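# Survey of secondary and tertiary structure
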2 protein chains.
Amino acid sequence: MNSHVSYRSVLAMLLLGVVIWFLPVPEGLTAPAWHLFAIFITTIIAVILNVASIFNLAIAALAIAILTGTLTPEQAYSGFSAGFILLIVVAFLLARAAINSGLGERIAYLIIRRLGKSTLGLGYSMAITDAIIAPAFPSNTARSGVLFPIIQAIALGGGSRPDDGTERKLGNFLMMNGIAGLTISSALWLTAMAANPAGVGIAEEFGININFSSWLLASVVPSLTALIVVPYVLFKVANPTVKRTPEAPELASAKLQEMGQLTSKEWIMGITFILVVIAWALSETLGIDKTAIAFLGLAVVMFANIFTAEDLKAQGTVLDIWVWFAILYTLSNALNEFGFMPWLGDRIAALLTGFSWPVVYVVLVVSYVLIHYFFVSQTAQMLALYGVFLSVGLTAGVPGPLLALMLLFATNFFAAITPQGSSANVIFAASGYLETQEMYKYGAVITAVNTLIYLTVGSAWISLVAP
Amino acid sequence: MNSHVSYRSVLAMLLLGVVIWFLPVPEGLTAPAWHLFAIFITTIIAVILNVASIFNLAIAALAIAILTGTLTPEQAYSGFSAGFILLIVVAFLLARAAINSGLGERIAYLIIRRLGKSTLGLGYSMAITDAIIAPAFPSNTARSGVLFPIIQAIALGGGSRPDDGTERKLGNFLMMNGIAGLTISSALWLTAMAANPAGVGIAEEFGININFSSWLLASVVPSLTALIVVPYVLFKVANPTVKRTPEAPELASAKLQEMGQLTSKEWIMGITFILVVIAWALSETLGIDKTAIAFLGLAVVMFANIFTAEDLKAQGTVLDIWVWFAILYTLSNALNEFGFMPWLGDRIAALLTGFSWPVVYVVLVVSYVLIHYFFVSQTAQMLALYGVFLSVGLTAGVPGPLLALMLLFATNFFAAITPQGSSANVIFAASGYLETQEMYKYGAVITAVNTLIYLTVGSAWISLVAP
């Protein structure tokens, strides 16, 4: 991604926004709803076209929404104190602490030692590691940062380098497998990706309640199926030239030897993590606030010097996410409150009239996945389209929990479709083991297999457990 | 400041908190008010004793307040979306942009070229630069980061190094003068220090309205007096061995020559700054939101590539400030809402009964200044004590605007009292030009002179313009 902003594209975007703003307000909509739509759609288009950073575009949209009187300052800023957004912020910092403590790496090596004898086995071991640590990492990007150095170490250890024609020995497959695994691990747990809880918040506004347990129950069967099938299919497609890696378990063993006994920091980190995850699981029953639990966990690991005030100063990325995420969420939310989403839903629903709900369901999910070719951020697409697609499906009679969950799973399983389809892809794309065109090809295969599995196995299972 | 946290001190603090919590609730207070006080006072004491970073202590306090049911999550998180706190966050980023653009440095050199012929003149020129750029820098810490490299360059250019016995030629005086100047520049403008708008928010709850213009009007006379007197007194006390610096204007000239014409980035930065400051000044008349203006300004300089998404990733400090500041503000605010502040005010007022209001006024201000010996953060002291002192003074008949303004000015002019009295001091303290004991000595002189000037000239002037 080029971080240089061109004046011309900013002006073009501004012009587009002004044109939409001054179009006649469609019947059935209020002027503020239309104006907010003008601001929001222009922002989303600018994000997709990478006109500027999402942070930059979000704060511009926020300022314009307030200064034009479209939103009050209180409405516009409310997202910054939303509990689930703060949960992401804190969990991001907790993830950093897990990396600092060394515990994340140790868990990865333990799994590799058991499962890492073949290239495919390594692929599975990384995907399983990912799936296991995922509930405690609400940022797939942060998780990609944990997995990447390990995958890289394994590839290099296996004699596959990015710069001497040995890319296809191991690295090429393992890197793309890392991306594929993240799409599934993120769909598996409510707390495995930043957009998931936000989507659950939106679903709640449609009267559909999803929590940590019900998400997991619905997701576990299709996700585990995908976890078994996808690495295998990718292995066949990528066809790495080295297929056995008997040295990987030893490498992991050696690394574990090197790490020695669990340090006190790892103990504290591990116990804190387990307690936090247990408290999260019990939070609804006991009526305790998830975010406060996360804050307490972070305070504990800070008191233990696992995550320090100095470490905090390096976490500008969290500031970035907090701001743009809160703003896009608030705008998307306000668009719904202003009646825009239901209105748009009615329009699209009119086009789908006469079709039975299963047809509408499949068309909606497949369109939702394909549209991700044009989105740089999973979260941005979810915020822009999830409410609309859900509303259309509900009107057409698609069972609410089925559609709500499937679209949220899709928000994760479509992420491999392009190299820039998720911020978690970027580190792998930059590894030197993957050509851009190759990533598009592998990405299409991964996404097709994911979509097929979730739509068949997943739909059947969800209809059974969350009717 | 040692960033390593000791278990023992954390446990001691926890114990203290528990003890206070379980003390009998004093008559006239509700249990939640007392419990919130237990959490808050323990946090403040831990901050003063530097038990852990203020961020760490603040999130622990937040989590405990929520998990004990003392505050609801909504109450506890509300500070994160408070407009004035977001204003600080955004302005911090704008300050970074000003540094990136090169405009800050250029303005400094322009002033030195005119005023920098003597050591005292250099001191004045830095203090004046500081005072001029201050309204656009709501972080005195950020401003210290702008001024420090320039002051260092001047000291080195004048043959005064921190490591070869030449400290006292120039550097020793100029570094301490930088600290002194910041105490005054921060008191001069409402937007020159992070705690100022927060204090104004607290004053508002007491029915005392202060805005950008009324602050400036009240502050301008005592602050300019201090700006003239303090560097001179410090010059006499520090007694630098080099008193004339005829080469400084040439150095500045050379630097300006080197910088060449204003770059397009400086132009955009300068125009944006001027427009933002004008809009801030007009915001109340026109009814536009100050924070939205700041967001728009930041968006513009980001579109102009002056502040990039990459730069943002390095701004973890802003995340730090946003979180702890919002939390302490919220706790302090809730303490007031729960009736604790008025209750405490009544108790202290009882001790001061029978004295005329001028006596109460002087006692309150002088105590407020001296207490800063025990506070590491200006903002923490303001949040902890401002409301209480204001409440006591009002009960004793001290004119509201006079006391409200004077205590807020004091929050700035007392900052030089210890090396750790302000985060803006730290960079100078670490320069190598100043001994710790020397800083305590100079700091006492600066604070005494400041207090005297603001209490005499300031009180008289404020009584005239803001009766």
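Residues numbered from 1 in each chain as written. Chains lettered and ligands numbered in written order. Predicted model: local features only at pLDDT ≥ 70, side-chain atom pairs only at ≥ 80, totals over all residues. Heavy atoms only, no water.

## Observations regarding the relation of the copies chain A and chain B
Each of the two chain copies can be brought onto the other by rotation about an axis and movement along it. Under the fitted operation, chain A is carried onto chain B by 0.0 Å of movement along the axis and a turn of 180°, and the coordinates agree to an RMSD of 0.1 Å. Here the two chains are linked by the operation of a two-fold rotation axis. In terms of proximity to the rotation axis, the leading residue of chain A is Gly316 of chain A, whose C-alpha is 2.0 Å off the axis. Comparing interface residues between copies, 98% of those in chain A also lie at the interface in chain B; the contact surface is shared. (Least-squares fit on C-alpha atoms with pLDDT ≥ 70 in both. Contact = heavy atoms within 4.5 Å.)

## So, the side chain of Thr42 of chain A
Mapped onto the elements of the fold, Thr42 of chain A is located in helix H2 (residues 31-48). Engagement of the side chain of Thr42 of chain A in a polar contact is seen with the backbone oxygen of Ala38 of chain A, the distance being 2.5 Å. (Helix = DSSP H or I, 4+ residues; strand = E, 2+ residues; numbered from the N terminus. Polar contact = N/O pair within 3.5 Å; in protein donor to acceptor, adjacent residues only side chain to side chain.)

## With respect to the packing of helix H7 (residues 119-133) of chain A against helix H11 (residues 212-238) of chain A
All names here are of chain A. Running from N to C, H7 and H11 cross one another at 140°; their axes reach a closest spacing of 10 Å. Read as a crossing pair, H7 and H11 show a hand that is right-handed. The segment H7 lies against H11, with Thr119, Leu120, Tyr124, Ala127 and Ala131 engaging Leu227, Ile228, Pro231, Tyr232 and Phe235. (Axes fitted to C-alpha atoms, helices over the stretch in contact; angles between N-to-C directions. Left-handed = near helix turned anticlockwise from the far one by under 90°.)

## Some points on the interface of chain A and chain B
Taken together, the contacts link 51 residues of chain A with 50 residues of chain B. Buried area between chain A and chain B, summed over both chains or domains, comes out near 4400 Å², and the portion from carbon and sulfur atoms is 76%. Linking Asp320 of chain B and Lys313 of chain A is a salt bridge whose minimum nitrogen-to-oxygen distance equals 3.4 Å. At the junction of chain A with chain B, the criterion picks out 11 residue pairs in polar contact (both at pLDDT 80 or more). (Buried area = accessible area lost by both parts, 1.4 Å probe. Salt bridge = Lys/Arg side-chain N within 4 Å of Asp/Glu carboxyl O.)

## With respect to the nonpolar core
By size, the foremost hydrophobic cluster in this structure holds 367 residues, and its most contacted members are Trp322 of chain A together with Trp322 of chain B. Among all residues touching Trp322 of chain A, those that are not within four sequence positions of it are Phe80, Ile85, Leu86 and Val89 of chain A together with Phe80, Leu319, Trp322 and Val323 of chain B. (Core = buried A, V, L, I, M, F, W, Y, C linked by side-chain atoms within 4.5 Å. Buried < 20%, exposed > 50% of the residue type's maximum accessible area, 1.4 Å probe, protein only.)

## A word on helix H5 (residues 83-101) of chain A
It helps to recall that an α-helix has 3.6 residues per turn; residues three or four apart then point in one direction. Between its first and last C-alpha, H5 of chain A extends 26 Å over 19 residues, near the 27 Å set by a 1.5 Å rise per residue. The element H5 of chain A is extensively covered by neighbouring structure, given that 15 of its 19 residues are classed as buried. (Expected span 1.5 Å × (residues − 1).)

## Re the packing of helix H18 (residues 357-371) of chain B against helix H20 (residues 400-413) of chain B
Residues and elements named next belong to chain B. Packing of H18 against H20 brings their axes to within 9 Å, and their N-to-C directions diverge by 20°. Taken together, the axis directions place H18 and H20 in an arrangement best described as roughly parallel. H20 is crossed by H18, and the crossing has right-handed handedness. Within the contact between the two elements, H18 uses Trp357, Tyr361, Leu364, Val365, Tyr368 and Val369 and H20 uses Leu402, Leu403, Met406, Leu407, Ala410, Thr411 and Phe413. Grouping the constituent residues of the contact of H18 with H20 by class yields 12 nonpolar, 1 polar and no charged. (Parallel < 35°, antiparallel > 145°, perpendicular 65-115°, else oblique. Nonpolar A, V, L, I, M, F, W, Y, C, P; charged D, E, K, R; others polar.)

## Structural notes on the confidence of the model for chain A
Averaged over every residue, the pLDDT of chain A is 89; the share at 70 or more is 99%. Interface confidence in the predicted complex, given as ipTM, is 0.77; pTM for the same model is 0.78. (pLDDT = per-residue confidence, 0-100.)

## Structural notes on H18 of chain B
Residues and elements named next belong to chain B. In a regular helix each residue adds 1.5 Å, so 15 residues correspond to 21 Å; H18 covers 21 Å between its end C-alpha atoms and thus fits that length. Regarding H18, the residues found buried are Val360, Tyr361, Leu364, Val365, Tyr368 and Val369. Seen along its axis, H18 keeps its buried residues to an arc of 160°; they face one direction. In the core, the buried residues of H18 are packed alongside helix H19 (378-395), H20 and helix H22 (436-465). (Arc of directions from axis to C-beta.)

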